[in-house]
Amino acid sequence: MNYIKHIFTKDFLFQVNSVNLETVDKIFLAVSLFGIVFAVGLWVWRRVDTNKVRKAIVDRYKNLSFTFGLLGVLWFTLRYENVAWFGTHFAFILLLAVVGIWKIFLVKYLLFRYSKDVAVWEREQLKNKYLAMK
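A brief report on the enclosed structure follows. Everything numeric here is computed off the predicted structure, so don't read it as measured data. (Residues numbered from 1 in each chain as written. Predicted model: local features only at pLDDT ≥ 70, side-chain atom pairs only at ≥ 80, totals over all residues. Heavy atoms only, no water.)

**Details of the overall build of the protein chain**
Check the secondary structure of the protein chain and you find six helices and zero strands. Starting at the N terminus and walking to the C terminus, you meet the elements of the protein chain as α-α-α-α-α-α. Here the C-alpha atoms of the protein chain give a radius of gyration of 21 Å, more than 25% beyond the 14 Å that 2.2 N^0.38 yields for 134 residues. With the C-alpha coordinates aligned to their principal axes, the bounding extent of the protein chain is approximately 75 × 25 × 25 Å. Excluding contacts between residues fewer than 6 apart, the proportion of contacts in the protein chain whose partners are at least 24 apart in sequence is 72%. As displayed, the protein chain offers around 9,500 Å² of accessible surface, 69% of which is attributable to carbon and sulfur atoms. (Helix = DSSP H or I, 4+ residues; strand = E, 2+ residues; numbered from the N terminus. Rg over C-alpha atoms; globule rule 2.2 N^0.38 Å. Contact = heavy atoms within 4.5 Å. Areas by Shrake-Rupley, 256 points an atom, 1.4 Å probe, with all protein chains shown as cover.)

**Section: the environment of I104**
Tracing the sequence through the fold places I104 in helix α5 (residues 89-112). The exposed category is assigned to I104, whose relative accessible area is 55%. For the pair I104 and T23, spaced 81 residues apart in sequence, the C-alpha separation works out to 29 Å. (Buried < 20%, exposed > 50% of the residue type's maximum accessible area, 1.4 Å probe, protein only.)

**Digging into the nonpolar core**
Of all hydrophobic cores here, the largest spans 22 residues; its most connected members are V53, I57, F92 and Y114. Sorting the residues of this core by element identifies α2 (10-14), α3 (23-48), α4 (52-80), α5 and α6 (114-133) as the ones contributing at least two each. (Core = buried A, V, L, I, M, F, W, Y, C linked by side-chain atoms within 4.5 Å.)

**Quick look at the pattern of salt bridges**
Throughout the structure, instances matching the rule amount to five salt bridges. Of the charged contacts, one joins D59 and K62 as a salt bridge, the two residues approaching to 3.2 Å between their closest N and O atoms. Within this pair, D59 and its partner K62 are both found in helix α4, separated by three residues, close to a single helical turn. On the accessibility criterion, D59 (22% relative accessible area) is partly exposed. Shared partners join several salt bridges into a network, and the residues in it are R46, D59 and K62. (Salt bridge = Lys/Arg side-chain N within 4 Å of Asp/Glu carboxyl O.)

**A closer look at a nonpolar patch on the surface**
Nonpolar side chains collect at one region of the surface, where F14, W85, F86, F90, L94 and V98 lie side by side and expose about 660 Å² of accessible area between them. Of all the elements, α5 adds the most residues to the nonpolar patch, at three residues. For F86, the position within the fold is in the loop between α4 and α5. Owing to a relative accessible area of 58%, F86 belongs among the exposed residues under this scheme. (Patch = residues over 30% accessible without salt bridge, like charges linked within 9 Å, V, L, I, M, F, W, Y side chains within 5 Å.)

**Topic: the side chain of S65**
Inspection of the secondary structure assignment puts S65 in helix α4. By relative accessible area, which is 8% here, S65 ends up buried. Aside from chain neighbours lying at most four places away, what touches S65 is G35, I36, F38 and A39.

Written out as C-alpha cells, the structure reads:
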C-alpha cells in the first residue's frame, strides 16, 4: 500500500532520480517494448488477413501500439539521460493517459460501428461472389 502512495507523491512524479533507474522505470520500458512487439504481431496478422474491415481495425490497433511503444522507449531514453521534464514519471503517465483516450475511441468504434461495417462488407462480398459467376 505504501508503494502505491509513493507513486502519487510529488517527488516520484516530477523529479528525475539521477543516481539510478528505479524498478518502475524498467517496468515502463518492458511495457513499451511489449507494445512494439505487439504492433509487429498485428502487422503480420494484417498482412495475412483478407477481411478489409478487420484489416482496418487491426491497423488502428497496430498504430496505437507502435506509437505507444516508440514513445515509451523515447521516454525511457530521456529518463536514462536525466532530461528534466520529459524524463519524469509524470510524462510517462501522461503518455498512458493519451493512449487510454485513444483506446476509448477504438473501443467506441468496435462497440457501435464495427458490426455494421462487417455486415456491409459481407453483403458486398456475397454480391461480388454471385456477380462473378455470371
